[in-house]
Amino acid sequence: MSKMVSGVLVVLGAALGGVVPVSAQTGEPPSRVVVAVNYAFQATANDFTDAATIRRNAEDGRDSVVYRVPTGAAFDVAGGVSIWRGLGVGVGVSRFTHATDATASGSIAHPFFFSRPRAITGPVAGLTREELAVHVQARLTLPVGQRLMVVLFAGPSYFQAKQEVVTDLAYTESYPYDTAAFAPPGTRSASQNRIGVNAGGDLGFFFTRQIGVGVTARYAGTTVDLPSIGGGKVSAKVGGVQAGIGLRLRF
């Protein structure tokens, strides 16, 4: 993503010298502030896998959990102010929340015999994923005629990610213990804050000088460390590619 951010910044710098605001041609005062409110869709599925070696009954076994974090709807609002010749700063806030499912499996050592593990596997439904991000942006506003406006942006993002994770597998067994049955595992909610990056663009069409609609596309993401089933940490991606459509206001 560093190449993407660098590319956007190069475009910003190259375009500064040739931008002439439409207001300079029409005599109208320039629109310095732009606000966007979007219904967005996060198009990146951030599935991840956790695995660890767990010792039971004097033997090592392997437990794993495969988390499925699907794509889904998100909410996004952003605003920016032009400072000089279309170059400005802005800030945006996005929120994504979704119920995630997982599949847990394990190898449970036999209590009486060595090298006779019993396999268990089962679904874990309704785990919660929440992502709240604040995006700080360097912005370049490029009016195209009197009705179209293009905004390019890039900068750092501050992510607060929450994920409900499996902490340990549970199972039932009975004599002669040749099999074990999957039982609902223990879970807990974990969170971490992490800095990432964002870069993208916005296209607005204005029906009047102040009111319009627009579409936006953005990448914003990072990686967080969550508690592992084995007591350590497992890495998981948050954010990703988002696209949105909504209201545009300029003042």
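About the cut-offs
- Residues numbered from 1 in each chain as written.
- Predicted model: local features only at pLDDT ≥ 70, side-chain atom pairs only at ≥ 80, totals over all residues.
- Heavy atoms only, no water.
- 1 Å grid on protein atoms, 1.4 Å probe; cavity = no way out; pocket = protein on both sides within 12 Å on 5 of 7 lines; lining within 4 Å.
- Points joined across faces, edges and corners; volume = space filled by probe spheres on them.
- Helix = DSSP H or I, 4+ residues; strand = E, 2+ residues; numbered from the N terminus.
- Nonpolar A, V, L, I, M, F, W, Y, C, P; charged D, E, K, R; others polar.
- Salt bridge = Lys/Arg side-chain N within 4 Å of Asp/Glu carboxyl O.
- Buried < 20%, exposed > 50% of the residue type's maximum accessible area, 1.4 Å probe, protein only.
- Core = buried A, V, L, I, M, F, W, Y, C linked by side-chain atoms within 4.5 Å.
- Contact = heavy atoms within 4.5 Å.
- Polar contact = N/O pair within 3.5 Å; in protein donor to acceptor, adjacent residues only side chain to side chain.
- Pairing = 2+ DSSP bridges.

Q: Help me understand empty space enclosed by the protein, please; the structure alone is not making it clear to me.
A: Remark: the empty space left among the atoms is shown by a probe the size of a water molecule rolled over them. This structure, assessed with the given rule, holds four cavities of 30 Å³ or more. Put simply, the largest cavity is a space of about 120 Å³. Residue lining of the largest cavity: 15 residues in total, with A36, A78, R139, F153 and D202 positioned closest to the centre. Listing elements by their share of the lining of the largest cavity, those giving two or more residues are β1 (33-42), β4 (72-84), β6 (118-144), β7 (148-173) and β9 (211-227). Looking at the lining of the largest cavity element by element, the count peaks at four residues for β1. For the lining of the largest cavity, the residue count by class is six nonpolar, four polar and five charged. Considering only enclosed or pocket space, the second largest cavity measures out at about 70 Å³ in volume.

Q: Looking at this structure, I do not really get the pattern of salt bridges. What am I missing?
A: Pairing is possible between side chains that carry opposite charge, provided their charged atoms lie close to one another. Using the criterion set out here, one finds eight salt bridges in the structure. The partner of R129 in a salt bridge is E131, and the shortest N-O contact between them spans 2.7 Å. For the residue pair R129 and E131, the accessibility class agrees, reading buried in each case.

Q: What is the right way to look at the nonpolar core in this model?
A: Grouped together as the largest cluster of nonpolar side chains are 27 residues, with contacts concentrated most on F48, V65, Y67, V166 and L226. When contributions to this core are tallied by element, the ones reaching two or more residues are β2 (48-56), β3 (59-68), β5 (87-108), β6, β7, β8 (180-206), β9 and β10 (233-250). When residues of this core are assigned to their parent elements, the largest contribution, five residues, is made by β7. Excluding anything up to four places from it in sequence, V65 contacts F48, T49, D50, A102, T103, A104, V166 and I229.

Q: Got a minute to help me understand the side chain of Q163 in this structure?
A: Topologically, Q163 is positioned in strand β7. What makes Q163 buried here is its relative accessible area of 1%. For Q163, the side chain forms a polar contact with the side chain of T100, separated by 3.4 Å. Setting aside residues no more than four positions away along its own chain, Q163 makes contact with F48, Y67, V69, T100, L127, T128, R129, R188, S189, A190 and L226.

Q: Would you take a moment to explain the pairing of β5 for this structure?
A: Here β3 runs beside β5; their pairing, made up of five bridges, is antiparallel. Counterpart to Y67 in the pairing with β5 is A102. Of the pairings in the sheet, the one linking β4 to β5 comprises 10 bridges and is antiparallel in character. Residue pairing across strands places S82 opposite G88, the latter belonging to β5. Between β4 and β5, which pair antiparallel in sequence order, lie two residues; one of them, R85, sits at a positive phi of approximately 50°. Note that β5 and β6 share 21 bridges and pair antiparallel. Across the sheet, L87 pairs through a bridge with L140, a residue of β6.

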